[in-house]
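Residues per chain are reported as follows:
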Amino acid sequence: MAVLNVTPDSFSDGGRFLQPQAAIARARSMVAAGADILDIGAESTRPGSDGVRPSVQIDRLRDILPAAAGLAATVSVDTTSAEVAAFALDAGAEIINDVSAGLSDPAMLPLAAKRGAAMVLMHMRGEPRTMQLAPHYDDVSAEVKGFLAERLEAAESVGLARDRCIVDPGIGFGKRLEHNLAILAGLDLICELGRPVLVGTSRKRFIGQITGRDGPDQRLAGTLAACLAARRRGATIFRVHDVGPLADAIKVTDAIESASHNT
Ligand code: HH2
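The residue numbers shown here count from 1 along each chain, following its written sequence. Residue-level local features of this predicted model are given only where pLDDT is at least 70; pairs of side-chain atoms are given and counted only at 80 or more, and the full residue set underlies all totals for whole chains, interfaces and linings. Side-chain numbers come from the whole structure's heavy atoms, not from hydrogens or water.

### A closer look at the pattern of salt bridges
Link 1 in the chain: In the sections that follow, a salt bridge refers to a side-chain nitrogen of Lys or Arg positioned within 4 Å of a carboxyl oxygen of Asp or Glu. Applying the stated criterion to the full structure yields 9 salt bridges.
Link 2 in the chain: Linking Arg-46 and Asp-9 is a salt bridge whose minimum nitrogen-to-oxygen distance equals 3.2 Å. Linking Arg-46 in the loop between strand E2 (37-41) and helix H2 (54-61) with Asp-9 in the loop between strand E1 (2-5) and helix H1 (20-32), this pair joins segments that are 37 residues apart in sequence.
Link 3 in the chain: When a residue's accessible area, from a 1.4 Å probe over protein chains only, is under 20% of the maximum for its type it is buried; when over 50% it is exposed; and in between it is partly exposed. Note on Asp-9: relative accessible area 30%, which makes it partly exposed.
Link 4 in the chain: When the shortest N-O distance is used, the salt bridge between Arg-203 and Asp-242 registers 2.9 Å. On the criterion of sequence distance, the pair formed by Arg-203 in the loop between strand E7 (198-199) and helix H9 (205-211) and Asp-242 in the loop between strand E8 (237-238) and helix H11 (243-262) is long-range, its members being 39 residues apart.
Link 5 in the chain: Take Arg-203: its relative accessible area is 7%, and that puts it in the buried class.
Link 6 in the chain: On the accessibility criterion, Asp-242 (17% relative accessible area) is buried. By the criteria applied, helices consist of DSSP H or I runs no shorter than four residues and strands consist of E runs no shorter than two, each listed in order from the N terminus.

Next up, the structure:
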């Protein structure tokens, strides 16, 4: 899953793809590099950020979605607004990626159900503006799993089938370094929910904390390591800014695994 932020302020690619031409060229190159899904967002959810009005998100997406939908990848829209999601579905998106798992907007899960969209349900503690203030968990993996199980039930209760849902533990959303590591190390617990597991580790702050790399664009090697570790533990969808390098890393890992099965 390739990240494409059409925002002025996303933590790593903000401002680079606000112009439709630049965004579409980026989308094309990420699909050529091996992306199966393009996740397009018009609102930053970085720690401390405020929300962006639906009308502003829609204006940012208007020219980009139809072009992205014509590429050889499934389009996902990264939004917590049902109004924005409905617009994106009309413009060719097939997945709604909601970092609030349908909690920000009560119309979101019913919309996905009605439209037969696939839905990413992500765990977040609090909201982006305040989520990093003092996150506390007794058992982070169990609490995240419990939350996602509840959200799967909430989806089912409005007619959105479990098999249309993808779950995501929400790396960096109301979590400290130790929480992110515990979740990734214990990902098999999240896999027990029986749904595809998505992880978004790309260029995130916890990688900088481990490696000492302050700039998000210096965190590629750490991102690849985190994705491969998550993959070993059962994750199948990786939300990344650097598609080509991850595609190569997966190919090499798979070649080694299949050689080891043959010996
Ligand atoms: N992370 C970000 C945004 N959306 N969606 C899912 N499902 N999982 C994630 O981990 C996730 C997400 C944050 O990263 P980014 O889009 O690069 O930055 P920003 O929120 O500043 O636009």
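Continuing now.
### Overview of helix H6 (residues 140-157)
Link 1 in the chain: In this analysis, the expected span of each helix is defined as 1.5 Å times one less than the number of residues it contains. The end-to-end C-alpha distance of H6, which contains 18 residues, comes to 26 Å, matching closely the 26 Å that a straight helix rising 1.5 Å per residue would cover.
Link 2 in the chain: Any pair of residues with heavy atoms lying within 4.5 Å of one another is described as a contacting pair. Buried-residue contacts for H6 involve helix H5 (108-115), strand E5 (118-122), strand E6 (165-168), helix H7 (177-185) and helix H8 (187-191).
Link 3 in the chain: Gly-159, located one to two residues past H6, shows a positive phi value of around 95°.

### Quick notes on unusual backbone geometry
Link 1 in the chain: If you check the backbone angles, Ala-101 has positive phi at about 55° while not being a glycine.
Link 2 in the chain: The exposure class of Ala-101 is buried, given its relative accessible area of 0%.

### Here's the deal with the packing of helix H10 (residues 220-232) against H11
Link 1 in the chain: Helix axes use the C-alpha atoms of the stretch in contact, all axes being lines fitted to C-alpha atoms, and the angles between their N-to-C directions lie in the range 0 to 180 degrees. It is at 10 Å that the axes of H10 and H11 come closest, and there the two elements cross at 45°. Between H10 and H11, the angle falls in the class oblique. Read as a crossing pair, H10 and H11 show a hand that is right-handed. Contacts from Leu-220, Leu-224, Cys-227, Leu-228, Arg-231 and Arg-232 of H10 reach H11 at Pro-245, Leu-246, Ala-249, Ile-250, Thr-253, Asp-254 and Glu-257.
Link 2 in the chain: Split by residue class, the contact of H10 with H11 holds 8 nonpolar, 1 polar and 4 charged. Here the angle decides the label: under 35 degrees means roughly parallel, over 145 means roughly antiparallel, 65 to 115 means roughly perpendicular, and every other value means oblique. Take the far helix as the reference: if the near one is turned anticlockwise from it by less than a right angle, the crossing is left-handed, and if turned clockwise, right-handed. All residues other than Ala, Val, Leu, Ile, Met, Phe, Trp, Tyr, Cys, Pro, Asp, Glu, Lys and Arg, Gly among them, are scored as polar; the first ten of these are nonpolar and the last four charged.

### Remarks on the state of the cysteines
Link 1 in the chain: Count a disulfide wherever a pair of cysteine sulfur atoms falls within 2.5 Å. This structure, assessed with the given rule, holds 0 disulfides.
Link 2 in the chain: Unpaired in terms of disulfides, Cys-227 finds its nearest cysteine sulfur in Cys-191, a separation of 14 Å.
Link 3 in the chain: Taking relative accessible area as the criterion, Cys-227 reaches 1% and is therefore assigned buried.

### A closer look at the site of the ligand
Link 1 in the chain: In the vicinity of the ligand there are 19 residues, among which Ser-10, Ser-44, Thr-45, Asp-168 and Lys-204 approach most closely.
Link 2 in the chain: Here a nitrogen atom of the ligand and a side-chain polar atom of Asp-78 are 3.0 Å apart.
Link 3 in the chain: Using the Shrake-Rupley algorithm and a 1.4 Å probe, accessible areas are obtained, with residue cover drawn only from the displayed protein chains. The fraction of the free accessible surface of the ligand (480 Å²) that becomes covered by protein chains is 99%.
Link 4 in the chain: Looking at the shell around the ligand, the elements that each hand over two or more residues are E1 and E5.
Link 5 in the chain: Split into classes, the residues belonging to the shell around the ligand amount to 7 nonpolar, 7 polar and 5 charged. A cutoff of 4 Å decides nearness: a residue is near a molecule or strand if any of its heavy atoms lies inside that distance of it. Contacts described as polar in this section are N or O atom pairs within 3.5 Å, which, within protein, must combine one atom able to donate a hydrogen with one able to accept it, while residues neighboring in sequence count only if both atoms come from side chains.

### Things to note about H5
Link 1 in the chain: The complete set of buried residues in H5 reads Met-108, Leu-109, Leu-111 and Ala-112. All buried residues of H5 lie within an arc of 160° about the axis, which places them on one face of the element.
Link 2 in the chain: In this structure, the buried side of H5 is in contact with helix H4 (82-90), strand E4 (95-98), E5 and H6.
Link 3 in the chain: Phi turns positive one or two residues past the end of H5, at Gly-116, with a value near 65°. Arc definition: directions from the helix axis to the C-beta atoms.

### Quick look at the sheet that holds E4
Link 1 in the chain: Here, strands pair whenever DSSP counts at least two bridges between them. An order of E1-E2-E3-E4-E5-E6 is seen for the 6 strands of this open sheet, with the pairing classed as parallel. The two strands at the open ends of the sheet, each matched to only one other strand, are E1 and E6. When strand polarity is set aside, the average angle formed by the axes of neighbouring strands in this sheet is 25°.
Link 2 in the chain: Note that E2 and strand E3 (residues 74-78) share 5 bridges and pair parallel. Residue pairing for E3: Ile-40 is matched across the bridge by Val-77.

Keep in mind these numbers describe shape, not what the thing actually does.
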